[in-house]
Amino acid sequence: MSYETSSTPPENGPRGLSAVLAEVRSTGAVLAAAEVARTRALAEAGHLALDVLADQRASARAAQLALREVASELAAAENLSDRSVQRQMCQAMTLVDDYPTTLAAWEAGALTRAHAHVIADIGSALPPEKKAEFDLLAVATAEGRSPARLRSRLAVLAEKLHPTTLTERHQRGRDTRCVRLLTQADGMSDLIATLPTVLAVGIYDRLTHQARALLDIRAGGGLGLGLDGGDGSLAGVDATGAGATGSAVSGAQPGLHLGLDSPSDSESRPVSAFAAASAPVSDSVSGQSAAQAALSPATVLATDQRTTAQLRADIFADLLLAAAPEADPTRTDDGPGTLGTIRARVQIVVPALTILDPTRENHDPAELIGHGPIDAHTARTLAETTPTPWDRVLTHPLTGAVLHTDTYHRTTAIDRHLRARDRHCRWPGCTIPAIRCEVDHTHDHAKGGPTTITNLAHLCQRHHTHKQFTRWQVTQLPGGILTWTSPTGRTYTDEPLPYSPAVRFTPDDPPPPDPDDNSTPPPF
């Protein structure tokens, strides 16, 4: 793709648009220069962290901790996630060290940030001695191409430069397989799995065939296909969903908090405060109500309007939440093994009045801890169907602070209180739910710190390690307030998020003086 510019716009042409276009391109060049300046600064910060270890035989773990310490300093100053800043630092060091030509072209406005990241991404698989050549060729190839088209061209270019075969690299690439969760809006999320292409395509193909089979059955009415399980249910369809844990809260009113006890000595490992529970929450998994699931197969088929894409997603969730994996070394012929008995866990806070009155969900919504609000119907379905007990949380009517938790089941009161108070990791800006965190002694237990709610707080594994092995310091103030001090002396305060009270009280104004009150002598 090439561009030609004309010094004079055509007669009757859009002169205003030409001016806007020129302004967009000029500000884009300024923005590119600023972005490159920030990239160089982030790279310098990363190099400062590693230079401290230059004269030492530092391990990879020590290098990571040094990067974490610097990244957390920058992140706290900018109110960002330290993970995000550390990732930006690593990307910046890669661009500055390995792709100087790309960085210069970006700074000059010839490339955008998207182009630069595509070049660095494709070039990451090349050995160090080939990156300089790839850098030069990539910038020349990028001229006049969008990032998407550039990616495909660079992939071919990288293959030609790579000294090893694709088979050898695939064996190494398998080590990067993982699953990631990205929270989106409206109570939805993206679950992304990085897998070998053959497996990923196979999974997608199987989901597609299963979805189309249901569509074919629906089109044929499901008659004569053996779908009736004899009890009014569809044979082979399991409506079991995720286990759920959570809390329902209202100001100065009883709420509910779902959870089980965890061992009191949970500081050394993630707190398993919320037990796994399997609940028939078909609505939260497949989009159908519990009442609909009890209908006859013919009625269900007649009312099912899900698309192929929706069926794919519902079958995917059902298989992962309800099925036992075949590759389970502990599995026997008598039933599922250890992996098959594991159920999903979530931590939910549900205001009691929101359960009773769905119209309040925008005013005081239920919350999936670490991810954001969820709709009242899903929260109510989980509350009604899960067999795991709920904890009741009493909060202050003015401040929303947790005053007390109780339950009819025998549990550990400290853990219940901390889960209700903290809800997530207490590092500034971190949102890892408390159910996946460790309970940490703010003042080390080995140094005399007491095991009380005034000296305990939830920290995720990353930030628990951060507290122990970097120069960050933390103190706990009354009310569970944590004050973090960075290596440069800056302080950051993290307060427990108060619950929204159902009824807000405000102090009354002092009454006016009574004119008939003669108890006070006159001033004269």
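Here goes a summary of the coordinates provided. (Residues numbered from 1 in each chain as written. Predicted model: local features only at pLDDT ≥ 70, side-chain atom pairs only at ≥ 80, totals over all residues. Heavy atoms only, no water.)

1. Here's the deal with the overall build of the protein
To be explicit about the condition: A run of DSSP states H or I qualifies as a helix once it reaches four residues; a run of E qualifies as a strand once it reaches two. Both are numbered from the N-terminal end. When a residue's accessible area, from a 1.4 Å probe over protein chains only, is under 20% of the maximum for its type it is buried; when over 50% it is exposed; and in between it is partly exposed. Here a residue-residue contact requires only that any non-hydrogen atoms of the pair lie within 4.5 Å. Only the protein chains shown count as cover for residues, with accessible areas throughout obtained via the Shrake-Rupley method and a probe of 1.4 Å.
A tally of helices and strands in the protein yields 18 helices and 14 strands. Taken across its 524 residues, the protein has 37% of its residues classed as buried. Put simply, of all contacts in the protein between residues at least 6 apart along the chain, 59% involve residues at least 24 apart. In the form shown here, the protein has an accessible surface area of approximately 30,400 Å², with 57% of it arising from carbon and sulfur atoms.

2. Topic: the packing of helix H4 (residues 100–107) against helix H6 (residues 128–142)
Applied cut-off: The convention used is that axes are lines fitted to C-alpha atoms, helices contributing only their stretch in contact, and that angles between N-to-C directions extend from 0 to 180 degrees. Note that the term roughly parallel is reserved for angles under 35 degrees, roughly antiparallel for angles over 145, roughly perpendicular for angles of 65 to 115, and oblique for everything else. Residues are sorted three ways: Asp, Glu, Lys and Arg are charged, Ala, Val, Leu, Ile, Met, Phe, Trp, Tyr, Cys and Pro are nonpolar, and all the rest, Gly among them, are polar.
Relative orientation of the contacting elements H4 and H6 amounts to 30 degrees, with a least axis distance of 7 Å. In terms of their interaxial angle, H4 and H6 are classed as roughly parallel. Contacts from Pro100, Thr101, Thr102 and Ala105 of H4 reach H6 at Asp135, Leu136 and Val139. Looking at side-chain class alone, the contact of H4 with H6 contains four nonpolar, two polar and one charged residues.

3. Some points on the state of the cysteines
We count it as follows: By convention in this document, the label disulfide applies to cysteine sulfur atom pairs within 2.5 Å.
Taken as a whole and assessed by the stated rule, the structure comprises zero disulfides. The thiol sulfur of Cys425 is not disulfide-bonded, and the nearest other cysteine sulfur, from Cys430, lies at 3.7 Å. By relative accessible area, which is 0% here, Cys425 ends up buried. Using a relative accessible area of 8% as the deciding quantity, one classes Cys430 as buried.

4. Some details on the sheet that holds strand S12 (residues 473–477)
Our working rule: DSSP-based pairing: two strands are paired if at least 2 bridges between them are found.
Strand order in the open sheet formed by three strands is S12-S13-S14, and the pairing between neighbours is antiparallel. Here the strands that pair on one side only, and so sit at the sheet edges, are S12 and strand S14 (491–494). The sheet shows a mean angle of 20 degrees between the axes of neighbouring strands, taken without regard to direction.

5. Details of the side chain of Glu69
The residue Glu69 is located in helix H2 (residues 60–78) in this model. For Glu69, the contacting residues outside a window of four places in its chain are His466, Thr470, Arg471, Trp472 and Pro487.

6. So, unusual backbone geometry
Phi at Asn79 is positive, roughly 60 degrees, even though this residue is not glycine. By the element assignment, Asn79 lies in the loop between H2 and helix H3 (82–98). The class of Asn79 is exposed, set by a relative accessible area of 71%. Located in the positive-phi region is Asp186, a residue other than glycine, with phi close to 60 degrees. Counting through the fold element by element, Asp186 comes out in the loop between strand S1 (178–183) and strand S2 (189–194). The class for Asp186 is exposed, based on a relative accessible area of 76%.

7. Things to note about the packing of H6 against helix H7 (residues 147–161)
Note the threshold: Crossing handedness is defined as follows: a turn of the near helix away from the far one that is anticlockwise and smaller than a right angle gives a left-handed crossing, while the clockwise case is right-handed.
As a packed pair, H6 and H7 sit with axes 11 Å apart at the nearest point and diverge in direction by 150 degrees. On the basis of the axis angle, H6 is roughly antiparallel to H7. The two elements H6 and H7 meet at a crossing, and its hand is right-handed. Taken together, the residues of H7 that come into contact with H6 (itself represented by Lys130, Glu133, Phe134, Leu137, Ala138, Thr141 and Ala142) are Leu150, Arg153, Leu154, Leu157, Ala158 and Leu161. Partitioning the contact of H6 with H7 into residue classes produces nine nonpolar, one polar and three charged.

8. Let's talk about the packing of aromatic side chains
The condition that has to hold: Between rings of Phe, Tyr and Trp, where Trp is taken as its six-membered ring, a pair exists when centres lie within 6.5 Å; planes separated by under 30 degrees are stacked, by over 60 edge-to-face, and by other angles tilted. Criterion for a charge above a ring: Lys NZ or Arg CZ within 6 Å of the ring centre, and within 35 degrees of the ring normal.
Applying the stated criterion across every chain yields a total of three aromatic pairs. Above the face of the Tyr499 ring, Arg423 is positioned so that its terminal group lies 4.0 Å from the ring centre.

9. Structural notes on the side chain of Thr141
For the record, the criterion: Polar contacts here mean pairs of N or O atoms no more than 3.5 Å apart (in protein, one a potential hydrogen donor and the other a potential acceptor; neighbouring residues in sequence count only if both atoms are side-chain atoms).
In this fold, Thr141 is placed in helix H6. Polar contacts involving the side chain of Thr141 include one to the main-chain carbonyl oxygen of Leu137, which spans 2.7 Å. With residues near it in sequence (within four places) discarded, Thr141 still touches Leu150, Arg153, Leu154 and Leu157.

10. Section: the nonpolar core
Quick note on the threshold: By convention a nonpolar core is built from buried Ala, Val, Leu, Ile, Met, Phe, Trp, Tyr and Cys residues, the set being connected through side-chain atoms within 4.5 Å.
Residues Leu95, Trp106, Ile119, Phe134 and Leu154 are the most contacted members of the largest nonpolar core, which totals 23 residues. Dropping the residues within four chain positions of it, Phe134 is found in contact with Tyr99, Ile119, Ile122, Gly123, Leu126, Leu154, Leu157, Ala158 and Leu161. Within the second largest apolar cluster, 14 residues are counted, among which are Trp427, Cys430, Leu482 and Tyr492.

11. Comments concerning the environment of His417
Along the chain, His417 falls in helix H17 (residues 413–422). With relative accessibility at 14%, the residue His417 sits in the buried group. His417 sits 24 residues away from Val393 along the chain, and the two C-alpha atoms are 8.5 Å apart.

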